[in-house]
Amino acid sequence: MSFAVVVFPGSNCDRDCFHVIDKVLGQPVEYIWHRDHEIPDGIDCVIVPGGFSYGDYLRSGAVAKMSPIMDAVARFARAGGKVLGICNGFQILLEAGLLPGAMQRNTSLEFICKPVHLRCATRRTAFTGSLSEGQVLQIPIAHAEGNYFIDDDGLERLQDNAQIVFQYANAMGEVTVGANPNGSVHNIAGICNEAGNVVGMMPHPERAAESILGSVDGLALFESVLGQ
Amino acid sequence: MTTVRILIRNRKGVFDPEGKVIHGGLKRLGYAEVSAARVGKVIDLVFEDEDEGAIAEKVEAMCKAFLVNPVIEDYSYEILSREG
């Protein structure tokens, strides 16, 4: 299984993702610069990492979507390639139209950086196959714009197609208003496309992949891809 | 030269946390008569030697492709000034 991590000006979780894939999972991984026009042959999974691409100017992810590599990522995804967008990477996938909905400022208007509990809502995606439905993970969030918005019709489509992947929950896995850190519709922390090969999530699994960091729950996402 | 001012705001029904905080601040300052505040952003574009029809067409295209996210935002624009 070969991985690639896309690097934009302002990406700052690219090295963390690279480290987890290379050192923790022991899998081949390379960086792709955002000006590149192609995903290299032989890549099975593309990670769009977190950070502040283009300084979050205009809207988070809005400028990054016009980088040449995003056309290549879209072609890769259409062909069934596995794509994981984390935090700013999720915002970029939304702006690029690879996933539905949009991000807004957190309702508190604060940058929130803390561990949260997530309830896995479906194991049908490329990144959740090794989890069980209802399983609770503890993974940190770190964002100011993670307030996921989609209109009522869009939410219904997400529910009908089992596209909600993670919801903010309490430690028991109950999806409650109190467990929602940022105001996201339906406590949504992560979603997938209809096919399930493209996943976007605000929490950072790469920051919860080694015991020294306090949680290894994030490893399951990377291991799920390997299991395919 | 023609300057176009684009105003981008959250669509009606989409929560505007910044507007809510500003509204709260105005109330604390004693302006109870303000019933709501809504925050948006302004982008001024300067065009050279273009007729208004062509400018309007281009501004629409720019908004749809890049400047505005139609999932959460609405936009309007006006021609501010025209010189030369």
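It should be emphasised that the depicted structure is a prediction, and the values quoted were computed from it without experimental measurement. (Residues numbered from 1 in each chain as written. Chains lettered and ligands numbered in written order. Predicted model: local features only at pLDDT ≥ 70, side-chain atom pairs only at ≥ 80, totals over all residues. Heavy atoms only, no water.)

Novice: In this structure, what is going on with the pairing of strand S11 (residues 198-201) of chain A? I would like to understand it.
Specialist: Here is the key point about a regular strand: its side chains alternate between the two faces of the sheet. Residue and element names in this part refer to chain A. Residues of S11 alternate between two faces, with Val198 and Gly200 on one and Val199 and Met201 on the opposite face, all of them buried. With four bridges connecting them, strand S4 (residues 82-86) and S11 associate as parallel partners. Bridging from a neighbouring strand, Val83 pairs with Val198 of S11. Relative to S11, strand S10 (residues 188-192) runs antiparallel, the two sharing three bridges. Looking across to S11, one finds that Ile191 is bridged to Gly200. Taking the residues that link successive antiparallel strands as the turn, the S10-S11 hairpin has five residues, and the phi of Gly196 there is positive, at about 90 degrees. (Buried < 20%, exposed > 50% of the residue type's maximum accessible area, 1.4 Å probe, protein only. Helix = DSSP H or I, 4+ residues; strand = E, 2+ residues; numbered from the N terminus. Pairing = 2+ DSSP bridges.)

Novice: So what exactly am I meant to see when it comes to the layout of surface pockets here?
Specialist: Vacant regions in the atomic arrangement are exposed by a probe of water-molecule size rolled over the atoms. One number sums up the size of the largest pocket: a volume of about 470 Å³. Contributing to the lining of the largest pocket are 24 residues, with Arg105(A), Asn10(B), Glu18(B), Lys41(B) and Glu73(B) lying nearest its centre. When residues of the lining of the largest pocket are traced back to their parent elements, those giving at least two are strand S5 (102-104) of chain A together with strand S1 (2-10), helix H1 (17-28) and strand S2 (40-47) of chain B. If you tally residues by element for the lining of the largest pocket, the top one is S1(B), at three residues. Tallied by class, residues from the lining of the largest pocket come to 11 nonpolar, four polar and nine charged. Reported here for the second largest pocket is a volume of approximately 200 Å³. In terms of lining residues, the second largest pocket is bounded by 14 residues, among which Val14(B), Asp16(B), Ala36(B), Ala37(B) and Arg38(B) are the most central. Across the lining of the second largest pocket, the residue classes tally to four nonpolar, five polar and five charged. (1 Å grid on protein atoms, 1.4 Å probe; cavity = no way out; pocket = protein on both sides within 12 Å on 5 of 7 lines; lining within 4 Å. Points joined across faces, edges and corners; volume = space filled by probe spheres on them. Nonpolar A, V, L, I, M, F, W, Y, C, P; charged D, E, K, R; others polar.)

Novice: So what exactly am I meant to see when it comes to unusual backbone geometry here?
Specialist: Backbone geometry follows two general trends: most residues other than glycine have a negative phi, and most peptide bonds adopt the trans configuration. Residues and elements named next belong to chain A. Phi at His186 is positive, roughly 60 degrees, even though this residue is not glycine. Within the element layout of this structure, His186 appears in the loop between strand S9 (164-169) and S10. Although it is not a glycine, Asn187 adopts a positive phi angle of roughly 60 degrees. Mapped onto the elements, Asn187 comes out in the loop between S9 and S10. What makes Asn187 buried here is its relative accessible area of 8%.

Novice: Whenever I open this one, helix H2 (residues 68-78) of chain A confuses me. Can you help?
Specialist: At 3.6 residues per turn, the α-helix brings residues three or four places apart onto the same side. With respect to burial, H2(A) is a largely interior element, eight of its 11 residues being buried. Where H2(A) is concerned, the buried positions are Pro68(A), Ile69(A), Met70(A), Ala72(A), Val73(A), Ala74(A), Phe76(A) and Ala77(A).

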